[in-house]
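Given next are the chains, with one letter for each unit.
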Amino acid sequence: MYTEKVMDHFMNPRNMGEIENASGTGTVGNAKCGDIMRIFLDVEDNIIKDVKFKTFGCGAAVATSSMATELVKGKSIEEALQVTNRSVMEALDGLPKAKVHCSLLAEEAIHAALWDYAQKHNIEIEGLEPPKEDVHDHDHDDDEE
Amino acid sequence: MDKAIYFDYAATTPTSKEVLEEMIPFFTQNFGNPSSVYSIAGKNKEAILKAREQVATAINAKDDEIFFTSGGTEADNWAIKGIAESYESKGKHIITSKIEHHAVLHTCEYLEKKGFQVTYLEVDEYGRISLQDLENAIREDTILISIMFANNEIGTIQSIKEIGRIAKEKGVIFHTDAVQALGSVHIDVKDMNIDLLSMSAHKLYGPKGVGALYIKKGVKIKAYIHGGAQEKRRRAGTENVPGIVGFGKAIELAYANREENTKKIIALRDKVVKGILENVPYSRLNGHPTERLPNNANISFDFIEGESLLIMLDMKGVCASSGSACTSGSLDPSHVLMAIGLPHETAHGSLRITLGDKNTEEDVDYLLEILPQIVQRLRDMSPLYEDFMKMNQ
């Protein structure tokens, strides 16, 4: 059900771990829905020098976290903001429909970490919204008649 | 991956060689329609009679109380909708439990939309209903109690005989979904006062697409499928002769060797449970410690999610299942694990190992060798584990 790329990022996740004294961290998702993502950023001169993640979740959740960190690593904050759930999905050659919410979670986790960075450093990042309460509200598929 | 160890016998079983051999002639030589008058068709009629007898004998029913269906789901649908329709003039209240299979739960929800009232009994931490709760729930207008024999996820076996006794005393019809229990647990519909019992062949080394509903003589139930005289006009359609023959053989074999088989399986299951609980911290057994199916081990691991665990096991050649939301296509974890009181994150991190006839000590040793490493690997990735470790430093 998963593409080769998803499987690769799940079995060999990139940038898994934590950054001590990160310049920004963001945690999104909840245990109720079964996935929680945490992103750690190390930002220097507006550039994401390093990024790490930790994820509690399914194969797609781990793979999207891994891919999202790859896509923002070494980028400027403005470039990182351009990384959307769609670009994460495309980079993974797609996700099953039921797993699209995992890629939303990855986008939200990056944004939440950037928000935390902005708050801590008292700066304003144009176009960045505060983290949502629950990103799962988007995609509750019901299989009932 | 050369290795492939199957630990998901509760999902389905392979059709055994002996069963398949019985079935094969009915695909090719003995292909006649049992309803036809010529002699080759007559053979098939006899074959169905024999299978009916085999199924009836296994559960201590009479032959004419067995009605073949397409499987367990159809049997559950028929039992519940059929009783609801036949007895609605008496009342429109049904009692079931929160941990039933969806074939029962969704059918009850469907009936609720049609004006029936359904009481969903709670279960305790082991997944057992309270007999007191059951008695208290019975009303003047209660027409049906539907409580599963054994749970498919956590393996807990209910006090079926006691439930049957209460139902009989109160004059309420008692249906039990015995799909998961059939073949490995002693079932006696007379002694246990069961009025309707759902069965499926593919859980006991029989073929898929065939099952049966036991309907006690005297219980009124509407026809489920219209369009022919088959199954005493109650379930029309040309019989699945090879399937029915296979079911008969499979159930006969299961009960002929039941005690010997279960002894071996219980030993393996206990080794799985003990081995995991001893070697993986923050794990717990779900379901009843003793009143459980011989082949079921259901374990929860804190801080990790079940689907990722299943994929990693699959990469190592192990097939198992989980109550995680991600394996069900919804966002909620298993209703059964929630009903026994597990917190969401623990319910998401469950693993169901169900054993069968091909499993060996070596299979279990292999599982116990790879599982602790996989769980640790996922925990190292988990923010929940990170938070827990920091809190407990």
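Rules used in this analysis
- Numbering of residues starts from 1 in every chain and runs along the sequence as written.
- Labels are handed out in written order, letters beginning with A for the chains and numbers beginning with 1 for the ligands.
- Selection of residues for local features in this predicted model requires a pLDDT of at least 70, selection of side-chain atom pairs for listing and counting requires 80 or more, and totals for whole chains, interfaces and linings are taken over all residues.
- Side-chain measures were taken over the full set of non-hydrogen atoms in the model, leaving aside hydrogen atoms and water.
- UniProt positions are given in the numbering used here, feature names are shortened, and annotations may be inferred rather than shown by experiment.
- A run of H or I in DSSP counts as a helix once it spans at least four residues, and a run of E counts as a strand once it spans at least two, with each numbered from the N terminus.
- Each radius of gyration is computed over the set of C-alpha atoms, and the globule rule expresses the reference value as 2.2 Å times the number of residues to the power 0.38.
- Each residue is assigned to one of three classes by its accessible area relative to the maximum for its type, calculated with a 1.4 Å probe on protein chains only: buried under 20%, partly exposed between the two thresholds, exposed over 50%.
- Contacts are assigned to residue pairs with any non-hydrogen atoms lying within 4.5 Å of each other.
- The Shrake-Rupley method, run with a 1.4 Å probe, gives the accessible areas here. Residue values count only the displayed protein chains as cover.
- To estimate how far a helix should extend, the number of its residues minus one is multiplied by 1.5 Å.
- Taken from the helix axis, the directions to the C-beta atoms give the arc we talk about.
- Each domain's extent was defined by an automatic or database domain assignment.
- Here the quantity called buried area is the total loss of accessible area, with a 1.4 Å probe, experienced by two parts when brought into contact, counted for both.
- In the analysis that follows, any N or O atom pair within 3.5 Å is treated as a polar contact, provided that within protein one partner can donate a hydrogen and the other can accept it, and provided that, for residues neighboring in sequence, both atoms belong to side chains.
- Each residue is assigned to one class: nonpolar for Ala, Val, Leu, Ile, Met, Phe, Trp, Tyr, Cys and Pro, charged for Asp, Glu, Lys and Arg, and polar for all the others, Gly among them.
- Here an axis means a line fitted to C-alpha atoms, over the contact stretch when the element is a helix, while the angle between two N-to-C directions is reported on a 0 to 180 degree scale.
- Oblique is the label for any angle not under 35 degrees, not over 145, and not in the 65 to 115 range, which are roughly parallel, roughly antiparallel and roughly perpendicular in turn.
- Take the far helix as the reference: if the near one is turned anticlockwise from it by less than a right angle, the crossing is left-handed, and if turned clockwise, right-handed.

- In the nomenclature of an unreviewed UniProt entry, chain B is known as Cysteine desulfurase IscS of Natranaerovirga pectinivora.
- The Subcellular location (unreviewed entry) field of the UniProt record for chain B holds the comment "Cytoplasm".
- According to the UniProt record, the Cofactor (unreviewed entry) comment for chain B reads "pyridoxal 5'-phosphate".

- Named according to an unreviewed UniProt entry, chain A is Nitrogen fixation NifU-like protein originating from Natranaerovirga pectinivora.

### Overview of the overall build of chain B
Okay, so step 1: Helix and strand counts for chain B stand at 13 helices and 12 strands.
Okay, so step 2: Here chain B has a C-alpha radius of gyration of 22 Å; the compact-globule value for 393 residues is 21 Å, and the two agree.
Okay, so step 3: By principal-axis analysis of the C-alpha atoms, chain B measures approximately 75 × 55 × 35 Å.
Okay, so step 4: With 393 residues in all, chain B has 59% of them scored as buried.
Okay, so step 5: Within chain B, contacts between residues separated by at least 24 positions form 72% of all contacts whose residues are at least 6 apart in sequence.
Okay, so step 6: Accessible area of chain B: about 16200 Å², with a carbon and sulfur share of 51%.

### Comments concerning the side chain of His9 of chain A
Okay, so step 1: Tracing the backbone shows His9 of chain A in helix H1 (residues 4-11).
Okay, so step 2: His9 of chain A has contacts with Arg14, Val62, Ala63, Ser66, Met67, Glu70 and Leu92 of chain A, leaving out every residue within four places of it along the chain.

### Some words on the UniProt feature "domain: NIF system FeS cluster assembly NifU N-terminal" (unreviewed entry) in chain A
Okay, so step 1: Here, UniProt's "domain: NIF system FeS cluster assembly NifU N-terminal" (unreviewed entry) annotation points to residues 1-122 of chain A.
Okay, so step 2: Across residues 1-122 of chain A one finds 45% helix and 22% strand; the C-alpha atoms that close the span lie 44 Å apart.

### Some words on helix H8 (residues 258-279) of chain B
Residue and element names in this part refer to chain B.
Okay, so step 1: When the terminal C-alpha atoms of H8 are compared, their 31 Å separation across 22 residues agrees well with the 32 Å that a helix rising 1.5 Å per residue should span.
Okay, so step 2: Taken as a whole, H8 has its buried residues at Arg258, Thr262, Ile265, Leu268, Arg269, Val272, Val273, Gly275 and Ile276. Buried residues of H8, viewed axially, fall in a sector of 165°; they line one side. Exposed side chains of H8 directed beyond 90 degrees from the buried face belong to Glu259, Glu260, Lys263, Lys274 and Glu278.

### Quick word on the domain arrangement of chain B
Residue and element names in this part refer to chain B.
Okay, so step 1: Assigned domains within chain B: domain 1 (5-11 + 258-392) and domain 2 (17-254).
Okay, so step 2: Here domain 1 and domain 2 have C-alpha centroids that lie 29 Å from each other.
Okay, so step 3: Contact residues are listed per partner, giving 26 residues for domain 1 and 29 residues for domain 2.
Okay, so step 4: For the domain 1 and domain 2 pair, buried surface summed over both sides reaches about 2200 Å², with 54% attributable to carbon and sulfur atoms.
Okay, so step 5: Counting the surface domain 1 buries against domain 2, the share from its top three residues, Arg258, Leu293 and His335, is 28%.
Okay, so step 6: In this assembly, domain 1 and domain 2 are joined by 16 residue pairs in polar contact (both at pLDDT 80 or more).
Okay, so step 7: Elements represented by at least two residues in the side of domain 1 that touches domain 2 include exactly H8, strand E9 (283-286), strand E10 (296-301) and helix H10 (335-339).
Okay, so step 8: Ranked by the residues each element gives to the side of domain 1 that touches domain 2, the list is headed by H10, at four residues.
Okay, so step 9: Looking at the side of domain 1 that touches domain 2, its residues break down into 10 nonpolar, 10 polar and six charged.

### Let's talk about the packing of helix H9 (residues 306-315) of chain B against helix H12 (residues 361-381) of chain B
All names here are of chain B.
Okay, so step 1: Two elements in contact, H9 and H12, have axes whose closest approach is 10 Å; the angle formed by their N-to-C orientations is 135°. By the angle between their directions, the pair H9 and H12 is classed as oblique. As H9 runs across H12, the sense of the crossing is right-handed. Taken together, the residues of H12 that come into contact with H9 (itself represented by Ser308, Leu309, Met312 and Leu313) are Leu367, Ile370, Leu371, Ile374, Val375, Arg377, Leu378 and Met381.
Okay, so step 2: Split into classes, the residues belonging to the contact of H9 with H12 amount to 10 nonpolar, one polar and one charged.

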